[in-house]
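Each chain, written out:
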Amino acid sequence: MSMNDKKDPKRQTLEQEIKTTVDEETAGLDPSEAGKIREKVRARVLEEVERERRIRTAKERREEERRRREEKRRERLHEEGETFERFNRNFRFQHIVMFTSVIILIVTGMPIKFPEFVLSRFLVGFWGGIHNSTLVHRIGAVMLIYFMVHHLLYTVFSRRGRRDLVLLIPTPKDARDAVQNVRHFLGKTEEKPRFGRFSYIEKFDYWAVYWGCVIMIGSGLFLWFEGIVLKYFPKYILDVALEMHSDEAMLATMAIVIWHFYNVHFNPDRFPGTLMWWHGRISEHEMKEEHPLEYEEIMAKREKQEGAEGPGR
Ligand code: HEM
């Protein structure tokens, strides 16, 4: 403690108060345990006093906030350990195009389905009228078609894409995992199912989007080019396409709002969300918790590689 501190009566009173409280709280404890707690509190208080001393002006306060955030981030990274790439740059780009187009399609499609709804009027007004709104719907549609073509090429021509597609195929283990997960949620078993690169939930999400895109693009093209369709097909085919488009749009919107938002935003482990769609990485902790089989596979591969390279390399 410096001479200056000794002269500050406010600080002396504060220290006295803290000392009395800590002494009271640790009275019944083992002396070494009490000593440790006292030391911890003392260090924390000194840290806080030091911080107070540093932040006299608003600028200093902002600087201090920034320093604290940085410190916290470093601590978190240190706790989380290594990070693993889950989505590569190509896949992240596809994903961003896909969700941007879906958001555009929902906000420009739903007002056609529910024209009387108050939010619909606001949304149509936002684009400057129904003509512009349907035009933007078609721009969103072109983006979604582009995404679908890009994704198909990716799953055929890239090694990562082919590998992921194979791993996304449902297997009997997924059914067993689903049953075990329900039993775990009901408290019937302690053990959670152990997932590989994709859990049954992620596989369901993937194929639901896949199927949804096929239906929406197929029926949407029929609606877009109705003149051509009516040349070759009876009118009821167009009615069926409209029904498919309209109902699947509702299903997709509800699936996103209920299923997807819960899984990636409101799930207590993830709240308020993850930036994985942007940086593509997950922490070692998440890897062990959510994809333990993949984690073990990566570790085993590394060990094998290190073994092959031999000691001393
Ligand atoms: C997630 C994707 C999509 C959603 C949520 C969506 C939503 C909607 C909705 C709700 C409607 C109104 C249906 C009704 O009147 O009941 C609509 C109409 C329409 N959609 Fe989509 N849509 C999607 C994708 C597409 C795609 C990919 C295309 C084109 C390839 C497309 C083209 C059309 C067309 C042409 C209409 C008729 C209205 C108009 O003239 O704009 N949509 N869409």
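Note that the coordinates shown come from a computational prediction; the quantities given were computed from them, not determined experimentally.

Conventions we followed
Residues numbered from 1 in each chain as written. Predicted model: local features only at pLDDT ≥ 70, side-chain atom pairs only at ≥ 80, totals over all residues. Helix = DSSP H or I, 4+ residues; strand = E, 2+ residues; numbered from the N terminus. Buried ≥ 20, exposed ≤ 12 C-beta atoms within 10 Å, placed from the backbone. Contact = placed C-beta atoms within 7 Å. Near = placed C-beta within 6 Å. Core = buried A, V, L, I, M, F, W, Y, C linked by C-beta atoms within 7 Å. Axes fitted to C-alpha atoms, helices over the stretch in contact; angles between N-to-C directions. Parallel < 35°, antiparallel > 145°, perpendicular 65-115°, else oblique. Left-handed = near helix turned anticlockwise from the far one by under 90°. Domains from an automatic or database assignment. Expected span 1.5 Å × (residues − 1).

Below, the discussion takes up the overall build of the chain. Broken down by element type, the chain carries 15 helices and two strands. The buried share among the 313 residues of the chain stands at 9%. Sequence separation of 24 or more characterises 62% of the internal contacts of the chain that already satisfy a separation of 6 or more.

Close to the ligand lie 21 residues, the nearest being G109, T134, A141, G220 and S246. For the shell around the ligand, the secondary structure elements donating two or more residues are α5 (89-113), α7 (130-157), α10 (200-224) and α12 (235-266).

The next subject is the nonpolar core. Formed by V102, L105, A141, L144, F147, C213, M216, A249 and A252, the largest nonpolar core amounts to nine residues. Looking at this core, the elements with two or more residues in it are α5, α7, α10 and α12. Considering every element that reaches this core, the biggest residue donor is α7, with three residues. In this view, L105 contacts H137, G140, A141 and L144; residues no more than four positions away in its chain are not counted.

The next subject is the packing of α5 against α12. Where α5 meets α12, the axes come as close as 11 Å, and the angle between the chain directions of the two elements is 125°. One way to sum up the angle between α5 and α12 is to call them oblique. Seen along the crossing, α5 lies across α12 with a hand that is left-handed. Contact residues: I106, G109, M110 and K113 in α5; S246, A249 and T253 in α12.

Here the focus is the domain arrangement of the chain. Per the domain assignment, the segments making up the chain are domain 1 (3-80) and domain 2 (89-304). For domain 1 versus domain 2, the distance between C-alpha centres works out to 48 Å.

In this model, helix α15 (residues 292-309) (18 residues) spans 26 Å end to end at C-alpha, consistent with the 26 Å of a helix rising 1.5 Å per residue. The buried count for α15 comes to zero of 18 residues, which makes it a mostly uncovered element.

The next subject is the packing of α5 against α7. Between α5 and α7, the shortest axis-to-axis distance is 8 Å and the interhelical angle comes to 150°. Taken together, α5 and α7 sit at an angle that is classed as roughly antiparallel. Every pair of crossing elements has a handedness; the one defined by α5 and α7 is left-handed. Residue-level contacts link N90, Q94, V97, M98, T100, S101, I104, L105, T108, G109 and P111 of α5 to S133, V136, H137, G140, A141, M143, L144, Y146, F147, H150, H151 and Y154 of α7.

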